Amino acid sequence: MLFVSAIQDELGDLAGEPLGVGPVVAAIRMATLLERLKPEAVCFIGTAGTYGSEPRVGSVIASRRIGLSPSVAVMGLGYVPRPPRPVECDRLLLESLGLERADVLTVSAITTDPTLMARLADGWQVEHMEAYGVGLACHKAEVPFVAVLGIANRVGPDAHTEWLENQAEAQDAAREAARNLRA
């Protein structure tokens, strides 16, 4: 099992690899690691925001599927000729975690606008910045993948402040939940 995260702090004492912040940076680094390390499975560990009241702040979720948001298109300011398909996460990894499952939407920036938040939340429970890039790289390499995310904030105008208050506890909780995958 290869544990990865955006930054080293999210891994804590867990042996793994930081990938960098953002979907493109994370995808490139993940593809490189898949080629070099050839892991049997990958678990991304991080923090995320919730679009609604569930999952609640303070909980930990496992990603059921991960999508990528073309935010410009969501706002009606552009279109995507061939939108990327969501990545389905590995069923066996999900079962072994025994966590609440959620659909995760990857965005390129933390959403603070209430109108954009309402549009993005349609069909998604959680917002995160790297999961899609990592999941897509694993999918293309046919390596089982799941993300374990501690919910640190509600998406919206106060997201960053709330994330700062809760991120340490959220990343600790996600890391502890992911330890179940070591076997």
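Residues numbered from 1 in each chain as written. Predicted model: local features only at pLDDT ≥ 70, side-chain atom pairs only at ≥ 80, totals over all residues. Heavy atoms only, no water.

Asks: Go over the environment of G22 with me, naming the residues and quoting the values.
Replies: Within the secondary structure, G22 sits in the loop between β2 (17-18) and α2 (23-37). Take G22: its relative accessible area is 8%, and that puts it in the buried class. Each C-alpha atom of the pair G22 and A109 lies 7.9 Å from the other, and the pair is 87 residues apart in sequence. Setting aside residues no more than four positions away along its own chain, G22 makes contact with M129 and E130. (Helix = DSSP H or I, 4+ residues; strand = E, 2+ residues; numbered from the N terminus. Buried < 20%, exposed > 50% of the residue type's maximum accessible area, 1.4 Å probe, protein only. Contact = heavy atoms within 4.5 Å.)

Asks: Help me get a handle on the packing of aromatic side chains, residues and values and all.
Replies: Each aromatic ring pair is described using two quantities: the centre-to-centre distance and the angle formed by the ring planes. If you walk through the whole model with that rule in mind, you get zero aromatic pairs. We note R65 situated over the ring of W124; from NZ or CZ to the ring centre the distance is 4.0 Å. (Phe/Tyr/Trp six-rings, centres within 6.5 Å; stacked < 30°, edge-to-face > 60°. Lys NZ or Arg CZ within 6 Å of the ring centre and 35° of its normal.)

Asks: How would you explain the side chain of H128 if you had to name every residue and give the values?
Replies: As for its placement among the helices and strands, H128 is situated in strand β7 (residues 126-128). The exposure class assigned to H128 is buried, which follows from its relative accessible area of 4%. A polar contact is formed between the side chain of H128 and the backbone nitrogen of E130, at a distance of 3.0 Å. Within the structure, H128 has its side chain in polar contact with the backbone nitrogen of A131 (distance 3.1 Å). Sequence-distant contacts of H128, defined by excluding residues within four places in its chain, comprise F44, T47, A48, V104, L105, T106, V107 and L149. (Polar contact = N/O pair within 3.5 Å; in protein donor to acceptor, adjacent residues only side chain to side chain.)

Asks: Tell me about the packing of α2 against helix α6 (residues 131-141), residues and numbers included.
Replies: Geometry of a packed helix pair, given as the angle between the helix axes and the separation of the axes. Relative to each other, α2 and α6 sit at 35 degrees, their axes nearing to 7 Å. When you trace α2 past α6, the crossing you get is right-handed. Along the contact surface, α2 presents P23, A26, A27, M30, A31 and L34, while α6 presents G133, V134, A137, C138 and A141. (Axes fitted to C-alpha atoms, helices over the stretch in contact; angles between N-to-C directions. Left-handed = near helix turned anticlockwise from the far one by under 90°.)

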